[in-house]
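Here are the chains, one letter per residue:
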Amino acid sequence: MPSVRTGLEVLLRDRLSLLRGRRIGLLAHQASVDARLQHAAALLHGARGVRLARLFAPEHGLWGAAQDHATIAGARDPVTGLAVKSLYGPRREPTPAMLAGLDTLVVDLQDVGSRYYTFVWTMALAMRACERAGVEVVVLDRPNPLGGAVVEGNIPDPAFASFVGLYPLPARHGLTIGEVARWLAREHGVRPRLTVVAMRGWRRPMLWEDTGVPWVAPSPNMPTPDTARVYPGGCLFEGTNLSEGRGTTRPFEWVGAPYLDAHRYADALAGKGLPGVAFRPARFVPTFHKWAGRLCGGVQIHVTDRARFRPFATGLAIVATARRLAPRRFRWRRPPYEFERRRLPIDILLGTDRIRRAIERGRTVREIEAAWTQDLAGWKRRRATVLLYG
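Read on for an overview of the structure. (Residues numbered from 1 in each chain as written. Predicted model: local features only at pLDDT ≥ 70, side-chain atom pairs only at ≥ 80, totals over all residues. Heavy atoms only, no water.)

**Some points on the pattern of salt bridges**
The line we're drawing: Basic side-chain nitrogens of Lys or Arg form a salt bridge, by our definition, when they fall within 4 Å of a carboxyl oxygen of Asp or Glu. The helix count covers DSSP runs of H or I at least four residues long, the strand count covers runs of E at least two residues long, and both are numbered beginning at the N terminus. The rule is simple: take the accessible area with a 1.4 Å probe, protein chains only, and divide by the maximum for that residue type; under 20% is buried, over 50% is exposed, in between is partly exposed.
If you walk through the whole model with that rule in mind, you get 19 salt bridges. The salt bridge involving Glu 136 is made with Arg 22; its shortest N-O contact spans 3.5 Å. Note that Glu 136 is positioned in strand 6 (residues 136-140) and Arg 22 in the loop between helix 1 (7-14) and strand 1 (23-28), a separation of 114 residues in sequence. For Glu 136, a relative accessible area of 6% corresponds to the buried category. Judged by its relative accessible area of 25%, Arg 22 is partly exposed. The partner of Arg 128 in a salt bridge is Glu 93, with the nearest N and O atoms 3.6 Å apart. Residue Arg 128 is found in helix 4 (residues 119-133), and its partner Glu 93 is found in the loop between strand 4 (83-86) and helix 3 (96-99); the two are separated by 35 residues along the sequence.

The structure is reproduced here in structure tokens:
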């Protein structure tokens, strides 16, 4: 039996009174399931006294079919028969018409614990819209696959806010999605009438494998918990001309490009002495996305010690090393990216241009990390006020 009950299961078992007699909307995706893999839409549609009236979907759609950055068109859920309102594309916030007639918006989204993953920002925009419309928000909490004990990365500059970081979270923030909702309300004034249905049995040191909760890929390129584990650093590759392994069976775990020598790259990274990780020379041919159909030399990121592994620092080292080994061919990706048309993608991913400039000046990862140590410590003290679990 699972050791953790998700917010969805707690709601259905003990707290369905929150929704009875109310007309509700549901913001969900394909990973919004219970321990028996039944989807939240079907479960709420069949719940006595609950009127499920509208469905909303984040990036990748309700059933996770669309690839990254693909605009989601309107669809209809074949199970409930309800129209699905997309919150990804030119319009990322529910309109007053979308919320009209609703009493409550239920949010049930599996996040992966990284600032760049857009689901928390879809939730943030929905919370803002619900506050204006007088619609209550109920967030069903789910585990952070990376656990909640370790926090890593810089605190972004609000001037670099984007849809991969609307508010200043560290890259690996150590919060559950319910705690993110509480943080948005407390720290940033996003204050609809909010209820977080907490999990039962989850503790901060737990990694995904400790929870007993079944893994359903929340997006097409997040197939396993191993992918989520490297993603706080792996997503940075999107800001470069390195393949992040999209179009392969190991997205974000394989990284490379045709201009890199796999063995030389692996040796250079091994020499960094990064904790909890090993680099195997890898050659791969993406079937789509960057370098589609081209043989890429690169590495596979093998996490050897989950407790010691630092994905964000590792991602910075991988980018900086590729740039040093191939200075004439390595490139920063150009905009547009995630609806940002002016700033470099790497800068909005990092929430600053200072880290990119430090890499360009040849600073070590240790030197770069030292610049945000004090700010991160302050953020960790403030986050303590929104934590739901020990």
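**A few points about the sheet that holds strand 2 (residues 51-57)**
Using the following cut-off: DSSP-based pairing: two strands are paired if at least 2 bridges between them are found.
One open sheet accounts for seven strands, arranged 3-4-2-1-5-6-7; its pairing is mixed. Strands with a single pairing partner mark the edges of an open sheet, and in this sheet they are strand 3 (75-76) and strand 7 (194-197). Taken together, the five bridges between strand 1 and strand 5 (residues 104-108) define a ladder with parallel strand orientation. Bridge assignment links Ala 28 to a residue of strand 5, and that residue is Asp 108.

**Looking at empty space enclosed by the protein**
Selection criterion: Space inside and on the surface of the protein is sampled on a 1 Å grid over the protein atoms alone, with a cavity defined as a set of points where a 1.4 Å probe fits but cannot get out and a pocket as an open set with protein on both sides within 12 Å along at least 5 of 7 lines; lining residues have an atom within 4 Å of a point. Grid points are joined across faces, edges and corners, and a volume is the space filled by probe spheres set on the points. When residue character is reported, Ala, Val, Leu, Ile, Met, Phe, Trp, Tyr, Cys and Pro are called nonpolar, Asp, Glu, Lys and Arg charged, and the others, Gly included, polar.
Evaluated as defined, the whole model comprises four cavities of 30 Å³ or more. Of the voids in this model, the largest cavity is the one considered here, and its volume is about 180 Å³. In this structure, the largest cavity is lined by 20 residues; those nearest its centre are Glu 59, His 60, Tyr 117, Tyr 231 and Arg 246. For the lining of the largest cavity, the residue count by class is ten nonpolar, five polar and five charged.

**Some points on the packing of helix 4 against helix 5 (residues 177-188)**
For any two helices packed against each other, one specifies the inter-axial angle together with the distance between the axes. Keep this limit in mind: The convention used is that axes are lines fitted to C-alpha atoms, helices contributing only their stretch in contact, and that angles between N-to-C directions extend from 0 to 180 degrees. Any angle that is under 35 degrees is reported as roughly parallel, and any over 145 degrees as roughly antiparallel; angles of 65 to 115 degrees are reported as roughly perpendicular and all others as oblique. Should the near helix be turned anticlockwise from the far one by less than a right angle, the crossing is termed left-handed; should it be turned clockwise, right-handed. In this analysis, two residues are considered to be in contact whenever any of their non-hydrogen atoms come within 4.5 Å of each other.
Two elements in contact, helix 4 and helix 5, have axes separated by 10 Å at closest approach and are oriented at 45 degrees. With respect to their mutual orientation, helix 4 and helix 5 come out oblique. Our pair here, helix 4 against helix 5, has a crossing hand that is right-handed. Listed contacts from helix 5 to Val 120, Trp 121, Met 123, Ala 124 and Met 127 of helix 4 are Ile 177, Val 180, Ala 181, Trp 183 and Leu 184.

**Observations regarding the environment of His 39**
The test is simple: Pairs of N or O atoms are called polar contacts if they sit within 3.5 Å, as long as, within protein, a hydrogen donor faces a hydrogen acceptor (for residues adjacent in sequence, only side-chain-to-side-chain pairs).
Among the structural elements, His 39 can be located in the loop between strand 1 and helix 2 (40-45). Given a relative accessible area of 8%, His 39 falls into the buried group. With 229 residues separating them along the chain, His 39 and Ala 268 place their C-alpha atoms 45 Å apart. Sequence-distant contacts of His 39, defined by excluding residues within four places in its chain, comprise Ala 28, His 29, Gln 30, Ser 32, Val 33, Leu 62 and Trp 63. From its side chain, His 39 meets the backbone oxygen of His 29 in a polar contact 2.7 Å long.

**Some remarks on the state of the cysteines**
Put simply, the test is: Disulfides are defined as pairs of cysteine sulfur atoms found within 2.5 Å of each other.
Evaluation of the coordinates by the stated rule reveals zero disulfides. The thiol sulfur of Cys 235 is not disulfide-bonded, and the nearest other cysteine sulfur, from Cys 296, lies at 18 Å.

**Points about the packing of aromatic side chains**
Rule in force here: Any pair of Phe, Tyr and Trp rings, taking the six-membered ring for Trp, is counted once the centres come within 6.5 Å. Such a pair is stacked with planes under 30 degrees apart, edge-to-face with planes over 60 apart, and tilted for the rest. For a Lys NZ or an Arg CZ to count as sitting over a ring, it must be within 6 Å of the ring centre and within 35 degrees of the ring normal.
Counting across every chain of the model gives 15 aromatic pairs. Relative to Tyr 231, the ring of Tyr 117 has its centre 5.6 Å away and its plane inclined at 80 degrees; by these criteria the two rings are edge-to-face. Residue Tyr 117 is found in the loop between strand 5 and helix 4, and its partner Tyr 231 is found in helix 7 (residues 225-234); the two are separated by 114 residues along the sequence. Comparing Tyr 117 with Tyr 231, the two get one shared label, buried. Centroid distance Tyr 231 to Phe 252: 5.0 Å. Interplanar angle 90 degrees. Geometry classified as edge-to-face. Of the two residues, Tyr 231 is situated in helix 7 and Phe 252 in the loop between helix 7 and strand 8 (254-257); the sequence distance between them amounts to 21 residues. With respect to burial, Tyr 231 and Phe 252 carry one shared label: buried. Cluster of aromatic residues (ring-pair linked, three or more members): Tyr 116, Tyr 117, Phe 119, Tyr 231 and Phe 252. A cation over an aromatic ring shows up here: Arg 92 above the ring of Phe 339, its NZ or CZ 3.9 Å from the ring centre.

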